[in-house]
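Examination of the molecular architecture
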Amino acid sequence: MLSDQEFNDWCRCVNLPQAARQLISQIRASEPIRRVKSSGINVRGDYASRKMGKTIQFELCST
């Protein structure tokens, strides 16, 4: 994930409107809205991230 400075630099580079910057910043700061689930076509797992200091869920498509 981009650092705050890298994100701001990117926003300036692509001339992102302020409203879009605020929305993306909210999304970047929020927690996921759903739990990852496994099914017949994907596999779920957990990754302990030292950098973020928490466990990150992931899902892989098995097809």
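Preceding block: the structure.
Residues numbered from 1 in each chain as written. Predicted model: local features only at pLDDT ≥ 70, side-chain atom pairs only at ≥ 80, totals over all residues. Heavy atoms only, no water.

**Structural notes on the overall build of the protein chain**
Our working definition: Strands are runs of DSSP state E lasting at least 2 residues, helices are runs of H or I lasting at least 4, and numbering of each runs from the N terminus. Two things to know: the radius of gyration comes from C-alpha atoms, and the globule rule equals 2.2 Å times the number of residues to the power 0.38. Three exposure classes are used, based on accessible area relative to the maximum for each residue type with a 1.4 Å probe and protein chains only: buried under 20%, partly exposed in between, and exposed over 50%. Any two residues whose heavy atoms approach within 4.5 Å are treated as being in contact. Method for areas: the Shrake-Rupley scheme with a 1.4 Å probe, in which residue coverage is limited to the protein chains shown. Under this rule, positive means Lys or Arg and negative means Asp or Glu; His and the chain ends count for nothing. Here the site of a charge means NZ on Lys, CZ on Arg, CG on Asp, or CD on Glu.
Counting its secondary structure elements, the protein chain contains two helices and two strands. Starting at the N terminus and walking to the C terminus, you meet the elements of the protein chain as α-α-β-β. A compact globule built from 63 residues should have a C-alpha radius of gyration of about 11 Å, whereas the protein chain, at 16 Å, is more than 25% larger. Viewed in the frame of its principal axes, the protein chain has a C-alpha envelope of about 40 × 25 × 20 Å. Each of the 63 residues in the protein chain was classed as buried or not, and the buried ones make up 13%. When contacts within the protein chain are restricted to residue pairs at least 6 apart in sequence, long-range pairs at least 24 apart make up 9% of them. Here the protein chain has roughly 5,600 Å² of accessible surface; of this, 57% comes from carbon and sulfur atoms. Measuring between centres, the 10 positive side-chain charges of the protein chain sit 4 Å from its 6 negative side-chain charges.

**Re the side chain of Asn-42**
Put simply, the rule reads: As used in this structure description, the phrase polar contact means that two N or O atoms lie within 3.5 Å; if the pair is within protein, one of them must be able to donate a hydrogen and the other to accept it, and residues adjacent in sequence are counted only when both atoms belong to side chains.
Along the polypeptide, Asn-42 turns up in strand S1 (residues 42–49). In this structure the side chain of Asn-42 is engaged in a polar contact, spanning 2.7 Å, whose partner is the side chain of Glu-59.

**Thoughts on the pairing of strand S2 (residues 54–61)**
Note the following rule: One requirement defines pairing of two strands: DSSP has to find at least two bridges between them.
Bridge analysis of S1 against S2 gives eight bridges, and the strand direction is antiparallel. Along S2, the bridge assignment pairs Ser-49 with Lys-54. The loop that links S1 with its antiparallel partner S2 comprises four residues; one of these, Gly-53, has a positive phi angle of about 70°.

**A word on the packing of helix H1 (residues 4–13) against helix H2 (residues 18–29)**
Defined as follows: Angles shown run from 0 to 180 degrees and are taken between the N-to-C directions of axes, each axis being a line fitted to C-alpha atoms and, for helices, limited to the stretch in contact. Note on angle classes: values under 35 degrees are labelled roughly parallel, values over 145 roughly antiparallel, values of 65 to 115 roughly perpendicular, and the remainder oblique. Should the near helix be turned anticlockwise from the far one by less than a right angle, the crossing is left-handed, and should it be turned clockwise, the crossing is right-handed.
Taken N-terminus to C-terminus, the directions of H1 and H2 make an angle of 155°; their axes are 12 Å apart at the nearest point. Comparing their axes, H2 and H1 come out roughly antiparallel. Crossing handedness for the pair H1 and H2: right-handed. Each of Asp-4, Phe-7, Trp-10, Cys-11 and Arg-12 in H1 lies in contact with H2, whose residues at this interface are Arg-21, Ile-24, Ser-25 and Arg-28.

**Side note on the environment of Ser-3**
Secondary-structure assignment places Ser-3 in the segment before H1. Separated by 31 residues in the primary sequence, Ser-3 and Arg-34 place their C-alpha atoms 24 Å from one another.

**Section: unusual backbone geometry**
Phi is positive for Asn-15, close to 55°, though the residue is something other than glycine. Tracing the sequence through the fold places Asn-15 in the loop between H1 and H2. On the basis of relative accessibility, which here comes to 65%, the residue Asn-15 falls in the exposed class.

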